[in-house]
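Fold and geometry: a report
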Amino acid sequence: MRVLVVEDDLPLSQQIKRDLHKEGFAVDLVDNGVDAEYMGAEEPYDAIILDLGLPQRPGLEVLSHWREQENKVPVIILTARDAWHEKVDGFKAGADDYLAKPFHIEELVARLNVLIRRSQTQDIGSLRVSGLKLDEAHQAVVDNSGTHFELTGTEFRLLRYMMTHPGVVLSKSRLTEHVYDYNSDRDSNVIEVYIKRLRNKLGNEIIKTKRGQGYIFGKPSP
Ligand code: CA
């Protein structure tokens, strides 16, 4: 999962980036409203964390513009403590959730996971697909027999994205866009390597290759 963090308080945004990265997210940072609007419109984020008080263009305006352009990416706004009107204005502008500063990173991660799951799978329980259950807390996956498979950061990000889109043909470039942040060396051939590693761990049949098109995780949806 790839998220955009829009925050002009640099120490805070760096901290959020580090913490979210540890939780298995690919993270891009921007520190002003103009870049935020551009990145949010151009890059396929799975969620956006948006501060409202931003230089160059206010967060509310950025959010309204995305929604006017039918951009439905889940957005969590960061509001000032006790500023109830910011929350109301945020929801009116199209926010999906809010978090008042200062917040605990655990709460941000929990809200982010719920929001992404709700938007992508309509299921807010644990992610379970084709006999596998994703263990987000430990960045691992468990099969029906209870066997635990540890995953590296990239394997986890890749598998989580595939498990939220079961039965769908996922091209290498789409997977690359959702697994890596903007500044990573995004060579889509590397995806092949990670697919191979996941197959070695979980069995060949769990990810099918659709020649010339991409990969399909799990069984096709009925
Ligand atoms: Ca700010």
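What counts and what doesn't
Residues numbered from 1 in each chain as written. Predicted model: local features only at pLDDT ≥ 70, side-chain atom pairs only at ≥ 80, totals over all residues. Heavy atoms only, no water. Pairing = 2+ DSSP bridges. Helix = DSSP H or I, 4+ residues; strand = E, 2+ residues; numbered from the N terminus. Contact = heavy atoms within 4.5 Å. Axes fitted to C-alpha atoms, helices over the stretch in contact; angles between N-to-C directions. Salt bridge = Lys/Arg side-chain N within 4 Å of Asp/Glu carboxyl O. Buried < 20%, exposed > 50% of the residue type's maximum accessible area, 1.4 Å probe, protein only. Domains from an automatic or database assignment. Buried area = accessible area lost by both parts, 1.4 Å probe. Polar contact = N/O pair within 3.5 Å; in protein donor to acceptor, adjacent residues only side chain to side chain. Donors = N, O, S within 2.8 Å, 3.2 Å for Na, K, Ca; no water.

**Considerations on the sheet that holds strand β8 (residues 140-143)**
- The 4 strands lie next to each other as β6-β7-β8-β9, forming an open sheet whose pairing is antiparallel. With partners counted over all chains shown, the strands left at the sheet margins are β6 (128-129) and β9 (148-150), one partner each.
- Both β8 and β9 contribute to a ladder of 3 bridges, which runs antiparallel. Following the sheet pairing, A140 is matched in β9 by E150.
- Docked against the sheet, helix α6 (residues 153-163) engages β6, β7 (132-135), β8 and β9, running at close to 130 degrees with respect to β7.

**Side note on the pattern of salt bridges**
- Within this structure, the stated rule accounts for 14 salt bridges.
- Ionic pairing is found between E43 and R2, a salt bridge with its closest N-O pair at 3.0 Å. Here the residue E43 occupies a position in the loop between α2 (33-42) and β3 (47-51), and R2 occupies one in strand β1 (residues 2-6), the gap between them amounting to 41 residues. For the pair E43 and R2, one class covers both residues: buried.
- The salt bridge involving R111 is made with D97; its shortest N-O contact spans 2.9 Å. Linking R111 in helix α5 (residues 105-121) with D97 in strand β5 (residues 97-100), this pair joins segments that are 14 residues apart in sequence.
- Overall, the relative accessible area of 13% leaves D97 in the buried class.
- Salt bridges linked by common partners bring R2, D28 and E43 together as one network.

**What to know about the sheet that holds strand β2 (residues 26-30)**
- Taken together, 5 strands build an open sheet; the order of strands is β2-β1-β3-β4-β5 and the sheet is parallel. Strand pairing shows two members of the sheet lacking a second neighbour, β2 and β5, which therefore form its edges. With direction set aside, neighbouring strand axes in the sheet form an average angle of 20 degrees.
- Bridge count between β3 and strand β4 (residues 75-79): 4 bridges; the pairing is parallel. Counted as the bridge partner of I49 is I76 from β4.
- Contacting β3 and β4, helix α3 (residues 59-68) crosses the sheet at an angle of about 150 degrees to β3.

**Brief notes about the domain arrangement of the protein chain**
- When cut into domains, the protein chain gives domain 1 (2-119) and domain 2 (128-217).
- At the interface, 16 residues of domain 1 touch 14 residues of domain 2.
- Three residues, R2, G24 and P44, lead the burial of domain 1 against domain 2; their summed loss comes to 33% of the area buried on that side.
- Taken together, the links from domain 1 to domain 2 amount to 1 salt bridge.
- Residue E136 pairs with R117 through a salt bridge whose shortest N-O separation is 2.2 Å.
- Scanning the region where domain 1 abuts domain 2 turns up 9 residue pairs in polar contact (both at pLDDT 80 or more).

**Regarding the coordination of the calcium ion**
- The protein atoms that coordinate the calcium ion are D8 (OD), D51 (OD) and G53 (O), at distances spanning 2.2 to 2.3 Å.
- Look at where the donors of the calcium ion fall in the sequence and you get D-x42-D-x1-G. Pair noted here: D8 is in the loop between β1 and α1 (10-22) and D51 is in strand β3, with a separation of 43 residues, a long-range link.
- Under the relative-accessibility criterion, D51 is labelled buried at 5%.

**A few points about the environment of L158**
- For L158, the position within the fold is in helix α6.
- Along the sequence, L158 and Y194 sit 36 residues apart, while their C-alpha atoms lie 7.9 Å from each other.
- When near neighbours in sequence (up to four residues on either side) are disregarded, L158 contacts L175, V179, I191, Y194, I195 and L198.

**Looking at the pairing of strand β12 (residues 214-217)**
- Alignment of strand β10 (residues 169-170) against β12, held across 2 bridges, turns out to be antiparallel. Among the inter-strand pairings, L170 is bridged to a residue of β12, identified as Y215.
- Relative to β12, strand β11 (residues 207-210) runs antiparallel, the two sharing 4 bridges. Within β12, the position partnered with T209 by the bridge is Y215.
- What sits between the antiparallel neighbours β11 and β12 is a turn of 3 residues, in which G212 has the positive phi angle 80 degrees.

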